[in-house]
Amino acid sequence: MRNDIAKILVSETEIAEICDRLGKQLTIDYQDKEPILVGLLKGCMPFMSDLTRHIDLMFEVAYMSVSSYHGGIASSGDVKIKMDLDISIKGRDVLIVEDIVDTANTIVTIIELFKHRGAKSVKMVTLLDKPEGRQRPYQPEYVGKVIPKEFVVGYGLDYNEFYRNLPYVGVLKPEVYNK
Ligand code: IMP
């Protein structure tokens, strides 16, 4: 598996620093609130797990499964809800937890949906941001690291469901998806 990685883009140490920094910031910003953290499956899992242990607040956690890739390395732009939330977000402060923002098709669709459902506020925290990939204007409120427009895997991010278990984020060798 590790032989398929061309280079490490975000190391384990850097991921730990990001979780610490963002967790501290969220603890300050949501001090007087009781937010719901909504993780978008499956990519959010390691980040949700590590980040939440740095947020010193009362909050709830919920998950939703959405898909815009349908396999491969490019967004189809067609966002499907595969598993919906099991709680109401009406009147609540929602913080969406994502692995990466690329085209922003996924996040913009989910934010519109959550506002339509009556959320009091909807913000997002993402481990990675690839602003060069945008198809819609969107700036996440909390960003771990801005990266170039490369296809990355690891720490929750997959290629055809593999590589999620790498402890770092790395660039996949193009020959892996070109074969
Ligand atoms: P967007 O809708 O294009 O912003 O993409 C968001 C989703 O696409 C993320 O939650 C990931 O699941 C997936 N994605 C975007 N870029 C990458 C990447 O470089 N590697 C793996 N998955 C990615």
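Residues numbered from 1 in each chain as written. Predicted model: local features only at pLDDT ≥ 70, side-chain atom pairs only at ≥ 80, totals over all residues. Heavy atoms only, no water.

Trainee: Could you give an account of unusual backbone geometry, with specific residues and numbers?
Mentor: Cis geometry marks the peptide bond from Leu 41 to Lys 42, where omega comes out at 0°. On the secondary structure map, Lys 42 appears in the loop between strand S2 (36–41) and helix H2 (45–52). Notably, Ala 104 is not glycine yet its phi reads approximately 80°, a positive angle. Structurally, Ala 104 is set in the loop between strand S5 (93–101) and helix H3 (105–116). The buried category is assigned to Ala 104, whose relative accessible area is 4%. With a phi close to 80°, Glu 161 is a non-glycine residue in the positive phi region. Note on placement: Glu 161 falls in the loop between strand S8 (152–153) and strand S9 (169–172). (Helix = DSSP H or I, 4+ residues; strand = E, 2+ residues; numbered from the N terminus. Buried < 20%, exposed > 50% of the residue type's maximum accessible area, 1.4 Å probe, protein only.)

Trainee: Tell me what's going on with the pattern of salt bridges, and back it up with residues and numbers.
Mentor: One pass over the full model with this rule turns up eleven salt bridges. For Glu 161, the salt bridge is made with Lys 42, and the minimal N-O distance between the two is 3.0 Å. Taken together, the residues Glu 161 in the loop between S8 and S9 and Lys 42 in the loop between S2 and H2 connect sequence positions 119 residues apart. Under the relative-accessibility criterion, Glu 161 is labelled partly exposed at 43%. Here Lys 42 falls in the partly exposed class, since its relative accessible area comes to 44%. (Salt bridge = Lys/Arg side-chain N within 4 Å of Asp/Glu carboxyl O.)

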